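The chain contents come next:
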Amino acid sequence: MPPKRQGPLQTVQRETDDIKRQVDSLIKDARLSGGSGRTEAYQSRCIHLQNLVGETTRKLKKLTKADEPAPVGNYDQRKMEEECRLRGIEEKLLVLVQELSPPQKREEGSFQAQEDEEEEDSEEDSEEEESEEESVEDEEEVDEEDVVTKTMEQIPESGTATYMVISAFKGEQEGDLTIQMGVVLTILSKNEDGWWLAQDSKGSKGLVPKTYLKRYSDQDEDDDEEASEDEELESKRKQSSNWDSVRRAITEIDATDVLSAMGAIPAGFRSSTLSKLLDEGITYRASHYIQPELSQSKLSFKDLFRDPDTGKVRQRTARTSLTLTLWSCKSIPTPGVGVQVLSRHIRLCAFDGTQVLSNIHTIRATCQANNVKTWSFSPRMTGNLPSLLDGDCFLRCNSDAPELGILFELGVTYIRNSTGERGDLSCGWAFLKLFDTNGAPVPHRTYELLVHGGTPYEKDIEVDPSLTRGATGTGMFQQMMLSRKLPKLFLKLKSPNVRTRSQLSALPDTLVGSLSSIHLLVLHRQLLADILLMDRATMQNADLICSPLLATFPEIMDQSDLLDALRKSWLEAESNMKRSEKRDLPLLKRKFVRVYMDNMYPLLYSADLPPPRWADEMVENQRARVIFNSSLEPFHTHTPDSPPRHQAFDISQLTYDLLCMTS
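For clarity, every value in this text was computed on a predicted model and none was experimentally measured.

**So, the pairing of strand β12 (residues 392-397)**
Burial runs high along β12: five of the six residues are buried. Bridging between strand β7 (residues 320-330) and β12 involves six bridges; their strand directions are antiparallel. Bridging across to β12, Ser-321 finds its partner in Arg-396. Note: β12 against strand β17 (residues 511-514), four bridges, orientation antiparallel. The residue bridging Arg-396 from the neighbouring strand is Leu-511, located in β17.

Spelled out as structure tokens, the structure:
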């Protein structure tokens, strides 16, 4: 049988693996030798590897999906991952070149480079040349105040650059200029406080915030000057260890800082840390953690086994496997005037004090109109409770970290009435440590957790300092009155019953989710084990697997409304099954696949279903309407006169890519 042809992307991946092995070997040899005797040889190897990285990067950028001899699932994502790997290798080589260069040569090289820049720039004053030479000679003596002062002096005070408006701004005070999105403005003066004097095409002048503008022409002299200044500042970045914080303090304007300065939010509010992690990709989503994990040899699975006698997924014990119920939050401060709250929610995950160890699970809170400072969960309602509102959760984590616990971040999604800007704020956080100093699990009972301000990496920050500002006295009565004012989270840890414990043991070693959908996850896990461990010809076979359910179920996991629709459809199917049929595992799996393919698969790729958007009431109502109509009129009942509308077909809708999913 002839060998299987490799595609261009797979060839590039293997070349990248080979380059990475060479770079790792070079770094190890260079650091073991201490740089004595063979520095020039190591430098020549660095140059050779840098050329290889450049050639491989150029080859990768020229590749297209049409070059592949066979369909490749998630082609764009794989290509992007290879580009990130090559950039990481290139950064390692740059660091190694700097380590191999002698200190004297580096200083002479930087000094000579600055002299060349001074000769090319004929418009600089003699005073600026002298200040630059003095800054080069006194690199090690520059402190934080000098860096800030010098950076502020480099901000241009005036100019005639043209900028385009990227967001509409309505003037709120006398002297402000009202602008519309897409309008081109002429900047007459740039002030250090971020408010620039601008003139529109009608001749009107006024102040506008610089964050609403972007450069319109790359040929402007002022733009060239700013670009050269940015390059010069980047070259001096290594001279000061606190440069990142200084630059952020000067150039970046955080929306939370603006709202705090306006008095719209309490001082302890911050930008949501967990929301930023969710926006980075699927790394912290449930769809990533339900996939099996490969062993170190990459030839078997680490957390997925099948019992050959019973045909079920072999149960695995984890260090932490429990259920919890969120009850309420009390005395949570609210944003002030000018900020409209779109959603109140809690995000929770496994946390060891330094990093997130699991997926991030979100639960939306409800509150009464006359008491918005008290949040509640699991409201009473007719029908099935949506998983997004369900306060009953489960947590599995197999980490052996001594500080392992559950991180709760209280957050709100808001929109500013003046600008229409959306964002996520953290109203505080709480942490429940799951093990004591002796390593024993904490008791399962009700806990009253104090909500702290800031981020989980900040300490001793109050959510609202005004609550304790006027507190005096150390008596018991004063302390009781003060304790009632502080924000708190109430929850209960529970030990799962026998049936729930058995279901949890069939799930991945690390996962956080709603307790109402655990039976769906168990069925998905069972189908995953059957296809990956029994249906494949050999364990080394990594070809694409034709399984629409396995290919699309992760997308359902990240869309709570579709997961609720699947839960409802499966409950209806179970209600029509006999008791003996429910105990028949092969029959149960076949019926689950049929329910999924008849109801969820067409709905997932329906052209009428808008993409999900968090805390957007209009989008949520549209999706609920489409999902409800599909439950009344299933897709297989449509007539030829009124066929359902679907998205364009892609091979990833049918095929499960084992290597991509488990990476």
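**Some words on the side chain of Ser-516**
Mapping Ser-516 onto the fold places it in the loop between β17 and α15 (518-535). A polar side-chain atom of Ser-516 sits 2.9 Å from a polar atom in the side chain of Ser-514. Excluding anything up to four places from it in sequence, Ser-516 contacts Ser-387, Asp-390 and Arg-567.

**Some words on the packing of aromatic side chains**
Summed over all chains, the structure comprises eight aromatic pairs. The interplanar angle of 40° and the centroid separation of 6.3 Å between the aromatic rings of Phe-553 and Tyr-596 together place this pair among those described as tilted. Note that Phe-553 is positioned in helix α16 (residues 548-557) and Tyr-596 in helix α19 (residues 585-604), a separation of 43 residues in sequence. According to the relative accessible area criterion, Phe-553 is buried, its value standing at 0%. Using a relative accessible area of 0% as the deciding quantity, one classes Tyr-596 as buried. Geometry around Phe-490 places Lys-330 over its ring, the cationic atom sitting 5.3 Å from the centre. Directly above the ring of Trp-614 sits Arg-347, whose terminal nitrogen or CZ lies 5.4 Å from the centroid.

**Points about the pattern of salt bridges**
Inspection of every chain in the model, using the stated rule, returns 23 salt bridges. Among the ionic pairs, Arg-567 bridges to Asp-564, the shortest N-O distance being 3.2 Å. Taken as a pair, Arg-567 and Asp-564 lie in helix α17 (residues 560-575) at a separation of three residues, close to a single helical turn. The residues Arg-567 and Asp-564 share a single accessibility class, namely buried. One continuous salt-bridge network, built from bridges that share partners, spans Asp-17, Glu-82 and Arg-85.

**Remarks on the nonpolar core**
Formed by 46 residues in total, the largest nonpolar core has its most connected members in Leu-532, Phe-553, Leu-562, Phe-592, Tyr-596 and Met-600. For this core, the secondary-structure elements that each account for two or more residues are α11 (286-289), α15, α16, α17, α19 and α20 (617-632). In terms of residue count, α15 provides more of this core than any other element does, nine residues in total. Sequence-distant contacts of Phe-553, defined by excluding residues within four places in its chain, comprise Ile-290, Leu-520, Leu-521, His-524, Leu-566, Phe-592 and Tyr-596. One finds Cys-329, Leu-348, Leu-432 and Phe-435 within the second-largest nonpolar core, a separate group that totals 42 residues.

**Quick look at α19**
Think of an α-helix as turning once every 3.6 residues; residues three or four places apart then point the same way. Under the 1.5 Å per step criterion, the end-to-end length of α19 is 26 Å for 20 residues, consistent within 8% with the ideal 28 Å. Largest kink in α19: about 40°, centred on Met-597. Those residues of α19 lying buried are Leu-585, Leu-587, Leu-588, Lys-589, Phe-592, Val-595, Tyr-596, Met-600, Tyr-601, Pro-602, Leu-603 and Leu-604.

**Some thoughts on the environment of Pro-292**
Structurally, Pro-292 can be placed in the loop between α11 and β7. Residue classification places Pro-292 among the buried residues on the basis of a relative accessible area of 2%. Along the sequence, Pro-292 and Leu-658 sit 366 residues apart, while their C-alpha atoms lie 9.2 Å from each other.

**As for the confidence of the model for the protein chain**
Per-residue pLDDT for the protein chain averages 80, and the proportion of residues at 70 or more is 79%. When the criterion is pLDDT under 50, residues 218-225 qualifies, and its contacts beyond four places in sequence or with other chains add up to 14 contacts. Low pLDDT (under 50) marks residues 233-252, which in the prediction has 22 contacts with non-local residues, meaning those over four places away or in another chain.

**Some points on the packing of α15 against α16**
At a minimum axis separation of 11 Å, α15 and α16 run at an interaxial angle of 155°. Viewed along their axes, α15 and α16 adopt a mutual orientation that is roughly antiparallel. Taken as a pair, α15 and α16 cross one another with a handedness that is left-handed. Residue-level inspection shows Leu-520, Leu-521, His-524, Leu-527, Leu-528 and Ile-531 of α15 in contact with α16, the latter providing Leu-549, Leu-550, Phe-553 and Met-557. In the contact of α15 with α16, the residues fall into nine nonpolar, one polar and no charged.

Cut-offs applied
Residue numbering note: each chain is counted from 1, following its sequence as written. Where totals are concerned, whole chains, interfaces and linings use all residues; where local detail is concerned, this predicted model gives features only for residues with pLDDT of at least 70, and gives and counts side-chain atom pairs only at 80 or more. Neither water nor hydrogens contribute to the side-chain values; these are computed over all heavy atoms in the structure. Categorising residues by exposure relies on relative accessible area from a 1.4 Å probe, with only protein chains included: less than 20% of the type maximum marks a residue as buried, more than 50% marks it as exposed, and the intermediate range marks it as partly exposed. Numbering of helices and strands runs from the N terminus; a helix is a DSSP stretch of H or I covering at least four residues, while a strand is a stretch of E covering at least two. Here the rule is simple: two strands pair whenever DSSP picks up at least two bridges between them. Polar contacts, as counted here, are pairs of nitrogen or oxygen atoms within 3.5 Å of one another; within protein the pair requires one atom able to donate a hydrogen and one able to accept it, and residues that are adjacent in sequence qualify only if both atoms are side-chain atoms. Throughout, a residue-residue contact means that at least one pair of heavy atoms, one from each residue, lies within 4.5 Å. Aromatic pairing here means that ring centres of Phe, Tyr or Trp (its six-membered ring) are within 6.5 Å. Orientation follows from the plane angle: under 30 degrees is stacked, over 60 is edge-to-face, and everything else is tilted. Two thresholds decide whether a charge sits over a ring: the Lys NZ or Arg CZ must be within 6 Å of the ring centre and within 35 degrees of the ring normal. For this document, the term salt bridge refers to a Lys or Arg side-chain nitrogen within 4 Å of an Asp or Glu carboxyl oxygen. Nonpolar cores were defined as sets of buried Ala, Val, Leu, Ile, Met, Phe, Trp, Tyr and Cys residues, with membership established by side-chain atoms within 4.5 Å. Here the expected length of a helix is defined as 1.5 Å per residue gap, with one fewer gap than residues. What is called the bend at a residue is the angle between a pair of axes, fitted to the seven residues leading up to and ending at it and to the seven starting from it. One number per residue, pLDDT, summarises how confident the predictor is, and it ranges from 0 to 100. In this analysis, axes come from line fits to C-alpha atoms, helices being fitted only over the stretch in contact, and the angle between any two N-to-C directions falls in the range 0 to 180 degrees. Roughly parallel means an angle under 35 degrees; roughly antiparallel, over 145; roughly perpendicular, 65 to 115; everything else is oblique. Helix crossings get a hand from a simple test, with the near helix turned counterclockwise from the far one by less than a right angle marking a left-handed crossing and a clockwise turn marking a right-handed one. In the scheme used here, Gly and all other residues not listed as nonpolar or charged are polar, with Ala, Val, Leu, Ile, Met, Phe, Trp, Tyr, Cys and Pro taken as nonpolar and Asp, Glu, Lys and Arg as charged.

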